[in-house]
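# Analysis of the macromolecular model
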Amino acid sequence: MMTTALGLLQSTKTVTNTGNIIAVNVGVYQDSGCTQVLATINWGNLTIGSSTTTTIYVKNTGNTQVTLNMTNGNWNPPSAGTYITETWDRENTTLNAGPSTPASLVLTVSPSITGITAFSFNTTITGTQV
């Protein structure tokens with residue numbers, strides 16, 4: 001009797017990271033009721049070539065409409081910004097004074113990333129008066 005064993009060869013790399021949230025003219029929150037201010041996102045462990053999504057809540061804390069914009073910076077190590085991207089679904093969204101909106105942030109790690117096992121960066125969310 002002949003027994004055949006099949007195996008799957010797999011290699012993974014875990015990347016640990018954190019990110020800081022800086023808000024300008026808006027509030028950024030963890031919850032839909034906008035009671036828990038969001039200051040840091042811990043993206044957890046990431047796999048090379050993967051994406052992960054988190055939901056935040058952005059509230060216009062001013063008294064006029066604003067247009068939302070997000071930027072990233074202060075990458076550590078500096079080369080991490082070449083291989084890791086953060087996007088969201090609220091770029092150029094107009095938000096009236098008072099209301100909040102959910103926003104999906106997506107962090108993507110390039111399949112070509114090498115030499116980076118941990119990183120950090122800042123996310124700045126700005127509300128510009130319309």
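Reference entry: report on the structure contained in this document. Given the structure is predicted, the values throughout are model-derived calculations rather than measurements. (Residues numbered from 1 in each chain as written. Predicted model: local features only at pLDDT ≥ 70, side-chain atom pairs only at ≥ 80, totals over all residues. Heavy atoms only, no water.)

## Some words on the sheet that holds strand β8 (residues 100-109)
Rules: A strand pair is defined by DSSP finding two or more bridges across the two strands. Runs of H or I in DSSP of at least four residues are treated as helices and runs of E of at least two as strands, each being numbered from the N terminus. Note on method: axes are straight lines fitted to C-alpha atoms, helices fitted across the in-contact stretch only, with angles between N-to-C directions ranging 0 to 180 degrees.
The four strands are arranged β2-β4-β8-β6 in an open sheet whose pairing can be described as antiparallel. This sheet does not close on itself; its edge strands, each paired only once, are β2 (27-29) and β6 (84-88). Pairs of neighbouring strands in the sheet enclose a mean axial angle of 30°, with direction left out of account.

## Details of the pairing of strand β5 (residues 66-76)
Here β5 runs beside strand β7 (residues 94-95); their pairing, made up of two bridges, is antiparallel. Bridging from a neighbouring strand, Thr 67 pairs with Thr 94 of β7. Relative to strand β9 (residues 118-129), β5 is paired through nine bridges, and the arrangement is antiparallel. In the strand pairing of β9, Asn 76 is matched with Ser 120.

## Regarding the nonpolar core
Applied cut-off: By nonpolar core is meant a set of buried Ala, Val, Leu, Ile, Met, Phe, Trp, Tyr and Cys residues that side-chain atoms within 4.5 Å join together. Partly exposed residues are those whose accessible area sits between 20% and 50% of the maximum for their type, while under 20% is buried and over 50% is exposed, using a 1.4 Å probe and protein chains only.
If you look at the biggest cluster of nonpolar residues, it comprises 26 residues, and the most contacted ones within it are Ile 56, Val 58, Trp 88, Phe 119 and Ile 125. Elements with a contribution of two residues or more to this core: β3 (40-47), β4 (51-59), β5, β6, β8 and β9.

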